[in-house]
Every structure is written in structure tokens, then in C-alpha cells.
Amino acid sequence: MVENLRAIAAIVAKDMRIEWRTKTALGSSLALAVLVLMILYIARDTARVSALDIAPAALWITFSFGAMIGMNRAFLLERENSSIDALRLSGVGPSTMFVGKLLANLVFVGVVELLSFPMFVVMYDIPLALPWFSLALITVMATVAFVSVGTLLSAMAVQTRVAHVILPVLLMPFLITPVVGAVQMTTVLLHGQSLSVVSGWFNLLAAFDIAFVSLSILLFEAVLKE
Amino acid sequence: MMSRDKARSHVRFGWWIVGIGFIAVAGAYVRALAFTPAEVRQGLAMKIMYVHVPAAWTALLAFLISGVLSLLYLWLKDRRMDAMAASSAEVGVAFGTVMLTTGPLWGKPIWGTYWQWDARLTFTLLLYLMFVGYIMMRGSVLDHEMRARFSAVFGALGLVLVPFIHMTVYWFRTIHPQPVILKPDGPSMPMVMQLSLYGSGIAFLVLFSGFLKVRYGLMGLEDLRERELQNAA
């Protein structure tokens, strides 16, 4: 158990260190986030649609696009110099490896979300008196939902001939439930209502998290083995 | 691994079944168009149902077969299951395309719009797109064994996703006609229309099984060809 935790921590630290030294994915994720926020703001009909009306959708499109860049990179790193083989030779079990990669991705996506949120507040003129705890909670839940499936699918995608294009196509259907749910809940929160108004979405998202995190851990072995 | 003769006979008999299926479909339409009364309010537009509904049934059946066989592959590692799952997905996408094109043709005169973000429409569109992704992914993996494994993983994820998508889209307003045949208090449709619909459904099933058999046989032949190339190299 302690050994597994240590292996997980090592994988997370390794991925973080690589990202800290290169900063390629973080840079492109943030640039993409600003661009998406900007395009959605400008593309709306300013006379009829208020910024606050499209704000929740804009936020979640930004978050999920930013996440996709990070997830695509996670296993591309391992493919270079076949470092995935080294990881397997180290005796780390597949589920431990998956949890390590998942946490590394979550940290990455979390940082992207934290850094792009202030830009969202500024651009869309969001009032600062927000139910911060509820907002953070649904953000974590929705992020875990799509990053877990995304990590598994990216491990598959990098082994295909078209690694960069296939991940969005495979992942998009799995974004529907977390993103739609998160948008619905964010809308309620931005309008000053309580989360209990949308408890159905909340439960659905919680069930999604449980189902897909465990399923991804179980299926990772089948993706890995040769 | 299929033998060459076996694969060829699958293809040959498959085409015979496809031929019978087309004759049956033609027969079902003659009955539906000429010998079945039109619905009072919708008029002739309603006749499209005899294509749309069986196509939808067949597509969903094909996706179900594909999902279940993918899951079984993970467990039993039988290559034939992967081949059948893939064939079923491809034929399902073909029938799904029929469903998605006939639906809007009916929707325009009856709903006044081609497309609606209605629960059932959104749900089936997403399911359809998932299978398009499945087929794309298969095309991008060269190794047999890996392709089968990845397809099975994606199929298993998809099977679990289905109820979630269903819930998600159901919480939007729905305007799609509610089930007319498969509902608790029995079908609410005149017998003459029901018979035409069932006839058309059976014709579609025959067509589907023919296509499935042909595709399955072709997949066996593809396997053999790839093996030959590998041995020659």
C-alpha cells in the first residue's frame, strides 16, 4: 500500500517536473483558454445575449478544451523514448500507474482551470460574491469525470497512427454528461441560487465520477498490455 | 481464425440474404404505400415511418450487438467476437444514417423543422457518433490484437455511458413521438398499420443480417490477406 502510494507520488512528481521544465502544454492550454473565452464573447449577438447568459457554457468549453491538450500530452510523453516500457519494467502495477497519470493530469488541468478562471471573471464581468465552495466542488467533480475517461482514452490514442486527431473524437461523447451538468449547475450558482435546485444533476455527476473512475482503473490494464 | 472457404461462403450466402432482404423491403413498401391507409392528420408524410422506425430499430440492435460482443471479447478473447462486433458497428452506422436522414424529411412537414434538440434525437445522434469514432479508431490501429483490445475497451466504456447520456438528454424537453408499439398498455396503432410496420421491420432485419454476414466474411478475408503479407515479408 505504502509502496503503491510512493509509486503514485513518483509518477505525479515526474510529470510535474517535466511540465515545469518545458512549460509547453501549460502555455498552449492557457493561450487556448484565453482565445476560446474571447471568441465566444465576441461571437455572441451582443444586443440579445448578455455575457452572463453564455458565461457558464463559455467557462466549461474553455475548461474541457484546455484539458484535452493536457491529456493528449500525458501519454505522448511516455511514448517518446518508449519511457512507458521503463515504467512497466519498474514493477509498478497498471492500476497504480493509471492513478499516478490520472492525478498528474488532474493537477495539470486544475492549474489551467485556476489560472483561466480569473480571466473568465474579468472578461465576462462576473460578480465576485460567488458561492465559492459550491463552485469549486462542481468544478472538481466535473473535472474528475472527464479527466478519468480522457486519461484512459489518451493512453489508447497515442498508440494509434493518428494520436492527435483521434482523442477529441473519442472523448467528446464522454464530455456530454459532465459538461452539460456542470453548465447547468454553474448557471444556477451564477444567478445566486442554491445547488439544491439542481440536485439531480449533482447526483448524476457524482454517479458518473464513481462509475468512470473505477471503470477506467479496471480497463487500463487492457489498454497497456502487449 | 476463419478458413478462406468459410469466409468466402459467409460472403456468398450473405449476398443471397441481402438480395432476399431487398426483395422483402420492396414488398413491405408496396404494402405500406399502396395497401395501408395514410394517417388522418399527417397524411402521406407518415409513410416515412415504415423506413425510419425499422431503420432505427435495426441500428440500435446493431449497436447493442456490437457493445455486448466487445465486452465479451475482453473476457473470452475470441477473435470472431471482435470481427462480429466491428461488422455490426459498421452496418449499424449505415442503418443509423438511414434513420438520421429519413427523420428530418418527416420532421420538416410535421414539426416544421428538420432537427430538434429533443432527448431521443440527441441521444441517438450521440450514440451514432460514438460508433463513428469506434470505426475511425479501428482504422487507425494496425495491429490486430491491439485493435481488438482497444475496440473492446471503448465498447465497454460506451455501454456504461449510454444510461448517463440518456439521463442527460432526457432532462431536456422532448417532442419526439413517444413509443407507439413498445409501451406498457399495448400498441396504439391500427392493426393494418402495425402489420405494415412489422413487415418492414422484418425486411430490415433480413437485410441487416445479410450485410452483417457479408461484412463478417470480408473481415475474415482481410485477416487472411494480412497474414499472407506478414508471412511474405
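What counts as what
Residues numbered from 1 in each chain as written. Chains lettered and ligands numbered in written order. Predicted model: local features only at pLDDT ≥ 70, side-chain atom pairs only at ≥ 80, totals over all residues. Heavy atoms only, no water. Helix = DSSP H or I, 4+ residues; strand = E, 2+ residues; numbered from the N terminus. Rg over C-alpha atoms; globule rule 2.2 N^0.38 Å. Buried < 20%, exposed > 50% of the residue type's maximum accessible area, 1.4 Å probe, protein only. Contact = heavy atoms within 4.5 Å. Areas by Shrake-Rupley, 256 points an atom, 1.4 Å probe, with all protein chains shown as cover. Salt bridge = Lys/Arg side-chain N within 4 Å of Asp/Glu carboxyl O. Buried area = accessible area lost by both parts, 1.4 Å probe. Polar contact = N/O pair within 3.5 Å; in protein donor to acceptor, adjacent residues only side chain to side chain. Nonpolar A, V, L, I, M, F, W, Y, C, P; charged D, E, K, R; others polar. Phe/Tyr/Trp six-rings, centres within 6.5 Å; stacked < 30°, edge-to-face > 60°. Lys NZ or Arg CZ within 6 Å of the ring centre and 35° of its normal. pLDDT = per-residue confidence, 0-100. Expected span 1.5 Å × (residues − 1). Axes fitted to C-alpha atoms, helices over the stretch in contact; angles between N-to-C directions. Parallel < 35°, antiparallel > 145°, perpendicular 65-115°, else oblique. Left-handed = near helix turned anticlockwise from the far one by under 90°.

Participant: Would you mind going over the overall build of chain A with me for this structure?
Facilitator: When helices and strands are tallied, chain A shows 8 helices and 0 strands. Overall, chain A shows an N-to-C arrangement of helices and strands of α-α-α-α-α-α-α-α. For 226 residues, the compact-globule formula gives about 17 Å, and the C-alpha radius of gyration of chain A, at 18 Å, lands near that figure. Counting only C-alpha atoms and orienting by the principal axes, one finds that chain A spans roughly 60 × 35 × 30 Å. In chain A, buried positions account for 51% of the 226 residues. Sequence-distant contacts, at least 24 apart, represent 81% of the contacts inside chain A between residues at least 6 apart. For chain A, the accessible area works out to roughly 10,100 Å², and carbon and sulfur atoms hold 69% of it.

Participant: Could you clarify how one ought to interpret the pattern of salt bridges in this entry?
Facilitator: Side-chain pairs of opposite charge can arise where the charged atoms are in close proximity. All names here are of chain A. Following the criterion strictly, the structure yields 15 salt bridges over all chains and no others. Glu78 is the partner of Lys101 in a salt bridge, and the nearest nitrogen-oxygen pair spans 2.7 Å. Residue Lys101 is found in helix H5 (residues 94-124), and its partner Glu78 is found in helix H3 (residues 51-79); the two are separated by 23 residues along the sequence. With respect to class, Lys101 is no different from Glu78; both count as buried. Taking the shortest distance from any N to any O, the salt bridge between Asp85 and Arg88 comes out at 4.0 Å. On the criterion of helical spacing, the pair formed by Asp85 and Arg88 is a turn pair, its members being 3 residues apart in helix H4 (residues 83-89). When its relative accessible area of 36% is taken as the criterion, Asp85 is described as partly exposed. Each member of the salt-bridge network shares a partner with another, and the members are Lys14, Asp15, Glu78 and Lys101.

Participant: What's the story with the interface of chain B and chain A in this structure? I'm lost.
Facilitator: A common way to express how large an interface is: the accessible area buried when the components associate. Between chain B and chain A, the contact holds 27 residues from the first and 31 residues from the second. Regarding the contact of chain B and chain A, the summed buried area is about 2,700 Å², with carbon and sulfur atoms giving 82% of it. Inspection of the chain B/chain A interface yields 0 salt bridges. Across the chain B-chain A interface, the total number found is 4 residue pairs in polar contact (both at pLDDT 80 or more). The set of elements that each furnish at least two residues to the side of chain B that touches chain A consists of helix H4 (119-139) and helix H5 (144-170) of chain B. For the side of chain B that touches chain A, the leading source of residues is H5(B), giving 14 residues. Partitioning the side of chain B that touches chain A into residue classes produces 20 nonpolar, 5 polar and 2 charged.

Participant: What's the story with the packing of aromatic side chains in this structure? I'm lost.
Facilitator: In this description, a pair of aromatic rings is defined by centroid distance and the angle of the planes. Residues and elements named next belong to chain A. For the structure shown, the criterion picks out 17 aromatic pairs over all chains. These aromatic residues form a ring-pair network of at least three members: Tyr41, Phe117, Phe120, Tyr124 and Trp132. We note Arg44 situated over the ring of Tyr41; from NZ or CZ to the ring centre the distance is 4.2 Å. Above the face of the Phe108 ring, Arg73 is positioned so that its terminal group lies 5.2 Å from the ring centre.

Participant: What's the story with the confidence of the model for chain B in this structure? I'm lost.
Facilitator: Should the pLDDT be low somewhere, the predicted coordinates at that spot are not to be read in detail. Predicted confidence across chain B gives a mean pLDDT of 83, with 91% of residues reaching 70 or more. Across the interface, the model reports ipTM at 0.83; the global pTM reads 0.82.

Participant: Teacher, can you tell me more about helix H6 (residues 132-157) of chain A here?
Facilitator: For an α-helix, 3.6 residues make a turn, and residues three or four places apart therefore share a direction. Across its 26 residues, H6(A) extends 35 Å between first and last C-alpha, which sits within 8% of the 38 Å expected from 1.5 Å per residue. With 20 of 26 residues buried, H6(A) lies mostly within the body of the structure.

Participant: Honestly, the confidence of the model for chain A in this entry has me stumped. Any pointers?
Facilitator: Scored by pLDDT, chain A comes out at a mean of 88, with 99% of its residues at no less than 70. H6(A) holds the highest mean pLDDT among the elements of chain A, 92, whereas H4(A) holds the lowest, 81.

Participant: What am I meant to see in the environment of A:Ser196 here?
Facilitator: Residues and elements named next belong to chain A. Relative to the elements of secondary structure, Ser196 occurs in the loop between helix H7 (163-190) and helix H8 (199-224). Its relative accessible area of 55% is what places Ser196 among the exposed residues. The spatial distance from the C-alpha of Ser196 to the C-alpha of Met185 is 9.6 Å, given a sequence separation of 11 residues. For Ser196, the side chain forms a polar contact with the side chain of Ser194, separated by 2.8 Å.

Participant: Is there a simple way to explain the packing of helix H2 (residues 49-76) of chain B against helix H6 (residues 191-232) of chain B in this structure?
Facilitator: Relative placement of two packed helices is described by the angle separating their axes and the distance separating the axes. Residue and element names in this part refer to chain B. Two elements in contact, H2 and H6, have axes whose closest approach is 9 Å; the angle formed by their N-to-C orientations is 45°. Accordingly, the angle class assigned to the pair H2 and H6 is oblique. Read as a crossing pair, H2 and H6 show a hand that is right-handed. Residues Met49, Tyr50, Val51, Val53, Pro54, Ala55, Trp57, Thr58, Leu61, Ala62 and Ile65 of H2 touch H6, and the partners they reach there are Met193, Ser196, Leu197, Ser200, Gly201, Phe204, Leu205 and Phe208. Its residues assigned to classes, the contact of H2 with H6 shows 15 nonpolar, 4 polar and no charged.

Participant: I would appreciate a short explanation of the side chain of B:Ser151 in the present structure.
Facilitator: Residues and elements named next belong to chain B. In this structure, Ser151 sits in helix H5. Looking at Ser151, the relative accessible area reads 1%, which means it is buried. Polar side-chain contacts of Ser151 include one of 2.8 Å to the side chain of Arg138. What Ser151 contacts, discounting residues up to four positions off in sequence, is Ser70, Asp82, Tyr134, Met137 and Arg138.

Participant: What exactly am I supposed to notice about the packing of helix H3 (residues 79-111) of chain B against H6(B) here?
Facilitator: All names here are of chain B. At their nearest, the axes of H3 and H6 sit 9 Å apart, and the two run at 130° to each other. Taken together, H3 and H6 sit at an angle that is classed as oblique. Helix-helix and strand crossings are classified by hand; for H3 and H6 the assignment is right-handed. On H6, the residues that touch Arg79, Arg80, Ala83, Met84, Ala86, Ser87, Ser88, Glu90, Val91 and Phe95 of H3 are Phe204, Leu207, Phe208, Phe211, Leu212, Arg215, Tyr216, Met219, Asp223 and Arg227.

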